[in-house]
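Notes for the structure review
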Amino acid sequence: MTAEAVITGFLQRIERLNPAINAFTDVTAGRALAQARATDASHAAGAPLGPLAGVPFAAKNLFDIAGLPTRAGSKINRERPPASRDAVLIERLTEAGAVLLGGLNMGEYAYDFTGENAHDGPCRNPHDLSRVAGGSSSGSGAATAAGLAPISLGSDTNGSIRVPSSLCGVFGLKPTYGRLPRTRSFPFCDSLDHLGPFARDVTDLAMAYDLMLGHDAGDPACARQAAEATLPTLKQGVDGLRIAVAGGYFSTDGMPEAEAAVAAVAQALGATRALDIAGAGIARAAAFLITNGESSAFHLTRLQQRADDFDPETRDRFLAGALQPTAWYLQAQRARRWFHDEMMQLFQTVDLIIAPATPCVAPEIGSKTMVLRGETVALRPNLGLFTQPISCIGLPVAAVPVFGAGLPVGVQLIAPPWREDLCLRAAYTVAQAGVATARQARLDDAWRPEARGLKAVSEAQPL
């Protein structure tokens, strides 16, 4: 196939299916076709091609995309001048030959766990259009699950890669804090923001991650950590790794889908040890306070001048943060440091921790509450029940999807800092065992990439 044929097929699929799913807010068709044709011309001339030559991808609309205003899911931001340059991670994938299809729907200013955007409409779960896709990277999870893009980019502050991965049934990677540069992306909470990829295949996930590695001075928090590729070690398995299942706070009692998913992944990895992570609830509370404090300070001028242009639910959370006592924020940072040190002690005895990603499958759009261990609680904050403590201290996590009889629910594979390789090795192992599986939603059969002979990105032959 030519790159142009691939991109044309995906653009047609987006045109047909996106009105129902609402994953894309902007489609960069002209740019995509021009790049595809250039790829074909380079191939015809015998020029070397990048490892992702002709492969489509899409990005959450808080990433700068040249020629488009960076919405970040908001009404206010779309009045900004168009970005003059792509975000660094988009540039790196483009340099590898990948073709950007457009920007993806998300929760307003990334402060969301459901993906129900008040300005662009809710992003719908491709496996059941009456249900949420999860947030805030809702479009990233939905587009990947719907076969609108084999790879997508999202952000994760308190769980915004892992929650949509779990609810949409795809793989996601939240790298270590500071591992991937956030240069030219719109921030939410600077000391908690991460960027990372989604894919339906673990090898594709690892390949995309590897191609984005490297320090960039435009992000002051980007670590000068050596770029350590994960693809070469992906098939090494988990023999010799000390793997435990998180208990206590992470217990899934009363949530049968999440409990079954964790048990299936633990069995595939040979994990029999249970591990109580003391202080996880404290870390979650700290994450709430830090998020509130930092994000409200960042948005304070917008709150003062344009309060009516916010989603009321988002605005109220920002306003609560603006009224938060400074002493609470400082105490939350102390708790964060304490929990970090406790986890580093645990990682002296274990290499990988298994925990649920969400407490349930995707709720219906418009739901306000959920039943959690027999108690009715607010839905939005509790979708991040299991992801927030891990975000608080910036650990790397791979989210793996498990399909039971119905909708998917995800599991977190958590490793020590800078050990994304362990997360992805374990994800690959459970995928090979047939436990962690990502399925393209059965929306139609008119144009499926696999029906046209395209395998997973990583398995495809060069164009």
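Residues numbered from 1 in each chain as written. Predicted model: local features only at pLDDT ≥ 70, side-chain atom pairs only at ≥ 80, totals over all residues. Heavy atoms only, no water.

Turning our attention to the overall build of the chain. What the chain contains, in helices and strands, is 14 helices and 17 strands. For a compact globule of 463 residues, the expected C-alpha radius of gyration is about 23 Å, and the chain comes in at 20 Å, within 12% of that figure. For the chain, the spread of C-alpha atoms along the three principal axes comes to 60 × 55 × 45 Å. Among the 463 residues that make up the chain, the fraction classed as buried is 62%. (Helix = DSSP H or I, 4+ residues; strand = E, 2+ residues; numbered from the N terminus. Rg over C-alpha atoms; globule rule 2.2 N^0.38 Å. Buried < 20%, exposed > 50% of the residue type's maximum accessible area, 1.4 Å probe, protein only.)

Let's shift gears to the pattern of salt bridges. Oppositely charged side chains can form a pair if their charged atoms are brought close together. For the structure on display, the rule yields 24 salt bridges. With a closest N to O distance of 3.1 Å, Asp351 and Arg242 form a salt bridge. Of this pair, Asp351 sits in the loop between α11 (326-346) and β13 (352-356) while Arg242 sits in the loop between α6 (202-212) and β11 (243-247), and the two are 109 residues apart along the sequence. Put simply, Asp309 and Arg306 hold a salt bridge, and the shortest N to O gap is 2.6 Å. (Salt bridge = Lys/Arg side-chain N within 4 Å of Asp/Glu carboxyl O.)

Okay, the packing of α6 against helix α14 (residues 420-432) next. One can describe the packing of α6 onto α14 by two numbers: an axis separation of 9 Å at closest approach and a directional angle of 160 degrees. With respect to each other, α6 and α14 are oriented roughly antiparallel. Crossing of α6 over α14 shows left-handed handedness. Between α6 and α14, the contacting residues are Val202, Thr203, Leu205, Ala206 and Tyr209 on the first element and Glu420, Leu424, Ala427, Tyr428 and Ala431 on the second. In terms of residue class, the contact of α6 with α14 is built from 8 nonpolar, 1 polar and 1 charged. (Axes fitted to C-alpha atoms, helices over the stretch in contact; angles between N-to-C directions. Parallel < 35°, antiparallel > 145°, perpendicular 65-115°, else oblique. Left-handed = near helix turned anticlockwise from the far one by under 90°. Contact = heavy atoms within 4.5 Å. Nonpolar A, V, L, I, M, F, W, Y, C, P; charged D, E, K, R; others polar.)

Let us now look at the sheet that holds strand β8 (residues 151-156). Strands pair in a sheet through their backbones, by hydrogen bonds, and they do so in one of two ways: parallel or antiparallel. As summarised here, the arrangement of the 11 strands in space is β1-β3-β2-β8-β10-β9-β16-β17-β13-β11-β12, forming an open sheet in which the pairing is mixed. Edge positions in the sheet fall to β1 (24-27) and β12 (273-276), since each has one partner strand and no second. In this sheet, neighbouring strand axes are inclined to one another by 30 degrees on average, regardless of whether the strands run parallel or antiparallel. With 7 bridges joining them, strand β16 (residues 397-403) and strand β17 (residues 408-414) adopt antiparallel strand pairing. The residue bridging Val397 from the neighbouring strand is Ile414, located in β17. (Pairing = 2+ DSSP bridges.)

Okay, the packing of helix α8 (residues 280-298) against α11 next. Packing of α8 against α11 leaves a shortest axis separation of 8 Å and a crossing angle of 140 degrees. In terms of orientation, α8 lies oblique with respect to α11. The handedness of the crossing between α8 and α11 is left-handed. Note on element contacts: α11 touches α8 through Trp328, Tyr329, Ala332, Gln333, Ala335, Arg336, Trp338 and Phe339, opposite Ala280, Ile282, Ala283, Ala286, Leu289, Ile290 and Glu294. Taken together, the residues that form the contact of α8 with α11 break down as 12 nonpolar, 1 polar and 2 charged.

We now examine the environment of Leu52. Relative to the helices and strands, Leu52 is located in the loop between α2 (29-44) and β2 (56-60). On the basis of relative accessible area, Leu52 is assigned to the buried category, the value being 0%.

Glancing now at the pairing of β16. Counted residue by residue, β16 has 7 buried out of 7 residues, so it is predominantly covered. Residues of β16 alternate between two faces, with Val397, Ala399, Pro401 and Phe403 on one and Ala398, Val400 and Val402 on the opposite face, all of them buried. Pairing between strand β9 (residues 171-174) and β16: 3 bridges, direction antiparallel. Considered in β16, the bridge of Leu173 is made with Ala398.

Aromatic ring pairs: the centre-centre distance and the angle between the two ring planes describe each pair. One pass over the structure, following the stated rule, counts 10 aromatic pairs. Geometrically, the ring pair formed by Tyr249 and Phe386 is edge-to-face, given 6.4 Å between the ring centres and 90 degrees between the ring planes. Residue Tyr249 is located in the loop between β11 and α7 (256-269), and its partner Phe386 is located in the loop between α12 (379-382) and α13 (388-392); the two are separated by 137 residues in the primary sequence. The side chain of Arg317 reaches across the aromatic face of Tyr111, ending 4.8 Å from its centre. (Phe/Tyr/Trp six-rings, centres within 6.5 Å; stacked < 30°, edge-to-face > 60°. Lys NZ or Arg CZ within 6 Å of the ring centre and 35° of its normal.)

Next up on the list: the nonpolar core. Ranked by size, the top nonpolar core spans 79 residues in total, and within it Phe63, Ile90, Leu153, Val265, Leu269, Ile354 and Val400 carry the most contacts. Formed by 34 residues, the second largest nonpolar core is a distinct cluster that contains Leu275, Ala355, Phe386 and Ile393. (Core = buried A, V, L, I, M, F, W, Y, C linked by side-chain atoms within 4.5 Å.)

Here the focus is the confidence of the model for the chain. Per-residue confidence for the chain gives a mean pLDDT of 94; residues scoring 70 or more make up 96%. For the stretch residues 445-455, pLDDT sits under 50, and the model shows 19 contacts to residues farther than four places along the chain or on other chains. (pLDDT = per-residue confidence, 0-100.)

What follows covers the pairing of β9. Going residue by residue along β9, you find Phe171 and Leu173 tucked away on one face and Gly172 and Lys174 tucked away on the opposite face as well. Strand direction decides the pairing type here: β9 and strand β10 (residues 194-199), joined by 2 bridges, are antiparallel. Paired with Phe171 across the strands is Ala199, a residue of β10.

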